[in-house]
Amino acid sequence: MTEHIPVKQGASQAASAVAPAPESNAIASPVRLKSLGVLLGTLRIGPVLILLLLVAIMSQLSPVFMTAQNVGNVLVQSAAIAILAIGQLLVILTRGIDLSVGSTLALASVVGALVYAETGGGAATIIAMLLAGLFIGALNGFGYVYGKLPHPFIVTLATLSIARGLALGLSGGQPISGMPDIVNTIGAGSVARWLPNATFLVAGVAIIVAFLLTRMVWGRWIYAVGGSPEGARRLGIPRNWVLVSVYLISGLLAGVAAIVYSGRLNSGSPTFGQLAELDAIAAVVIGGASFLGGRGKVSHALIGALMIGVIRNGMNLLNIEAYLQLIVVGLVIYIAVQTDVIRGRLEAKFRVLKAAAE
Amino acid sequence: MTTTHTLSVSGATKRFGAVRALNSVDLHVDAGEVLAVLGDNGAGKSTLIKCISGVHRLDAGTIELDGEAVHMTSPAVARAAGIETVYQDLALFDNLDSTANFFAGREEAGPSWLPRGMRLMKRREMNNHASQLVGRLKINIPAKASSVGMMSGGQRQAIAVARAAAFASKVAILDEPTAALGLRESRQVLDLIIRLRDEGCAVIVISHAMDHVMEVADRAVVMRRGTVVGEEVPRPENRNRLVSLIVGGDD
């Protein structure tokens, strides 16, 4: 038994409380605290600044970039990624990852195309796509939670393969052309011949998910599970259900993204959405959410998806070769994650300085 | 022996594989009383309180609240029964502000006919109640919403203790509440414990800080290797006897 150390601890505490702090410290500390606070604030809005900067640079370099037609292009190309990224955000908030969304998108598009070919119904097609997404989401959520896996990486890697395999098998490896009008309208239609309808769908999804996250108890629980999984359990938050729910929603949103994708190309195909999961994950992280869980908003996913869209579109306009585009996107992802880590370290420093200032 | 206690544990036994962490532990606390649980590392103190607060399930034995047996099948059950726990690691959410931490798992929300998770949060009410709580307990934390991760160790401890204080209707359990705290901050937490007791809670405190135990506890039980080996009124003249019970020396 170690009898506590009240004497030693008390003494050091008393010394720091009573003894007048050295003068340089007394002045420097609040200034450093404040500048650190400003730096943290800048990091927080960094992604928005970078997006604006990208847009500014692109409109300087290319006369086409800011035309209504091209802005429409960027929006429609970002739409599917944005929807996937919103689902991915929920998963990442709980410290998870969903690698299966690209394959799930392909499976949903194939299932939708088959159902349309069979029934010819628009509503049936859309429902089939959403159910296909939910199905893979359920495999992920229940497999992860009730399989008691240490991390969702492997189970979603498995469903990445399974969903793609199912899509290939169901379609015989070929694209199936033909989608109902409503799907084509959502995916390919536009308002005033430039503002894509898909953008309104993205906005609707974003508003609903943002509402869930900020207003509903369930949203608060998502943040709690991401902040401290064990703490959430000890405080009686139904952690398992929260985890299952985020994978279900991520799967469902992959189905929604499939509607956009299939509508744009008027078909379902097992090759849709290859590497889309990486774009979605990258969008969340680039946009400013923390890959370590617990921190992030819907706006982060949207900004990240737009950033990827602008980078891709801009480099296409400038005739930059595909391999360079991949390298640039990769670098951006690295910088974003590094920023997240630096932010965490600065916050720890901020905490120490603040405790010292009290 | 027919008196009912606010909390009484009898025959509590818990095994982890071959290790018997708790071996037929009996214990009781009454309202308005502070019970200290002492013991060396590995004596079973933390396992005991985790069983009482529903984190672990007992293999054998009963837990009674006001004379009625309660099956602590999950932390939610224990919390609903009026038992609040401050864990050693505090179980705080660094990414949320203090109000969100106070109400975690008990968010004020409506309408009540919806399942709990689907309800809309009453954010203003929660903020008001949180600041009332902070005022009532006289704890010192930053007023405006900054995440708990940005607060000092003492403030974090104060938030965890205040959360327990706010919701403990019957029993409050504190695991090492003053470890890693400075003098002033320890004082704050000890005052909170006394206030909890005065408000009619049954309080269980696990602590290594003998001075703090002497100050706040009405009784002290000592555990060794998963069993209760003795009980004393913690007074300065009993200090040596308590220490020898803890280390297992002859007495």
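Bear in mind the structure is a predicted one, so any value in this text is a computation, not a measurement.

Participant: Sorry, what's going on with the overall build of chain A here?
Facilitator: The helix and strand inventory of chain A stands at 14 helices and four strands. For chain A, the spread of C-alpha atoms along the three principal axes comes to 80 × 55 × 35 Å. Residue burial in chain A is summarised as follows: out of 358 residues, 47% are buried. Across chain A, the fraction of contacts at a sequence separation of at least 24, relative to all contacts at a separation of at least 6, is 80%.

Participant: What exactly am I supposed to notice about the nonpolar core here?
Facilitator: Nonpolar side chains in soluble globular proteins tend to end up buried together. Counting residues in hydrophobic clusters, the biggest one holds 183 residues, and the most contacted among them are A:Ile83, A:Leu84, A:Ala85, A:Ala257 and A:Ala301. Summarising the domain contributions, this core has at least three residues from each of domain 1 (1–82 + 169–184 + 195–251) and domain 2 (96–167) of chain B. The contacts of A:Ala85, once residues within four sequence positions are left out, are A:Ala280, A:Ala283, A:Val284, A:Ala301, A:Gly304 and A:Ala305.

Participant: Sorry if this is basic, but what is going on with the sheet that holds strand 2 (residues 19–29) of chain B here?
Facilitator: Sheet strands pair via backbone hydrogen bonds, and the direction of the pair is either parallel or antiparallel. All names here are of chain B. Taken together, four strands build an open sheet; the order of strands is 2-1-4-5 and the sheet is antiparallel. The open sheet has two edge strands, strand 2 and strand 5 (68–69), and neither has a second partner. Here strand 1 (residues 7–16) pairs with strand 4 (residues 60–65) via five bridges, running antiparallel. From the neighbouring strand, Thr13 faces strand 4, where its bridge partner is Ala60.

Participant: Could you clarify how one ought to interpret the packing of helix 7 (residues 181–188) of chain A against helix 11 (residues 239–265) of chain A in this entry?
Facilitator: Residue and element names in this part refer to chain A. Two elements in contact, helix 7 and helix 11, have axes whose closest approach is 7 Å; the angle formed by their N-to-C orientations is 95 degrees. Our classification of the angle between helix 7 and helix 11 gives roughly perpendicular. Mapping the contact onto sequence places Val183, Asn184, Ile186, Gly187 and Ala188 in helix 7 and Ile259, Val260, Tyr261, Ser262, Gly263 and Arg264 in helix 11. Among the residues making up the contact of helix 7 with helix 11, the classes are represented as six nonpolar, four polar and one charged.

Participant: I keep staring at the sheet that holds strand 9 (residues 171–175) of chain B and nothing clicks. Help me out?
Facilitator: All names here are of chain B. Strands sit in the order 6-9-10-3-11-12 across an open sheet of six strands; the sheet is mixed. Of all strands in the sheet, those bounded by a partner on one side alone are strand 6 (83–86) and strand 12 (227–232). With strand direction ignored, the average angle separating the axes of adjacent strands in the sheet is 20 degrees. Pairing analysis gives five bridges linking strand 9 to strand 10 (residues 202–206), with the strands arranged parallel. From the neighbouring strand, Asp175 faces strand 10, where its bridge partner is Ile206. Packed onto the sheet, helix 6 (residues 183–198) meets strand 3 (33–39), strand 9 and strand 10 and runs at close to 150 degrees relative to strand 10.

Participant: Would you explain the interface of chain A and chain B in this entry?
Facilitator: You'll often see interface size given as the accessible area lost when the parts meet. Listed per partner, the contact involves 35 residues of chain A and 37 residues of chain B. Put simply, the parts of the chain that give the side of chain A that touches chain B at least two residues each are helix 1 (6–18), helix 9 (217–227), helix 10 (229–234) and helix 14 (322–357) of chain A. The leading source of residues in the side of chain A that touches chain B is helix 9 of chain A, at eight residues. Grouping the amino acids of the side of chain A that touches chain B by side-chain chemistry returns 14 nonpolar, eleven polar and ten charged.

Participant: Help me understand the domain arrangement of chain B in this model?
Facilitator: All names here are of chain B. Here chain B is described as being made up of domain 1 (1–82 + 169–184 + 195–251) and domain 2 (96–167). A C-alpha centroid distance of 27 Å is found between domain 1 and domain 2. On the domain 2 side, the residues contacting the nine residues of domain 1 number nine residues. Sorting the residues of the side of domain 1 that touches domain 2 by element identifies strand 9 and helix 6 as the ones contributing at least two each. Here the residues of the side of domain 1 that touches domain 2 sort into six nonpolar, one polar and two charged.

Conventions used here
- Residues numbered from 1 in each chain as written.
- Chains lettered and ligands numbered in written order.
- Predicted model: local features only at pLDDT ≥ 70, side-chain atom pairs only at ≥ 80, totals over all residues.
- Helix = DSSP H or I, 4+ residues; strand = E, 2+ residues; numbered from the N terminus.
- Buried ≥ 20, exposed ≤ 12 C-beta atoms within 10 Å, placed from the backbone.
- Contact = placed C-beta atoms within 7 Å.
- Core = buried A, V, L, I, M, F, W, Y, C linked by C-beta atoms within 7 Å.
- Domains from an automatic or database assignment.
- Pairing = 2+ DSSP bridges.
- Axes fitted to C-alpha atoms, helices over the stretch in contact; angles between N-to-C directions.
- Parallel < 35°, antiparallel > 145°, perpendicular 65-115°, else oblique.
- Nonpolar A, V, L, I, M, F, W, Y, C, P; charged D, E, K, R; others polar.

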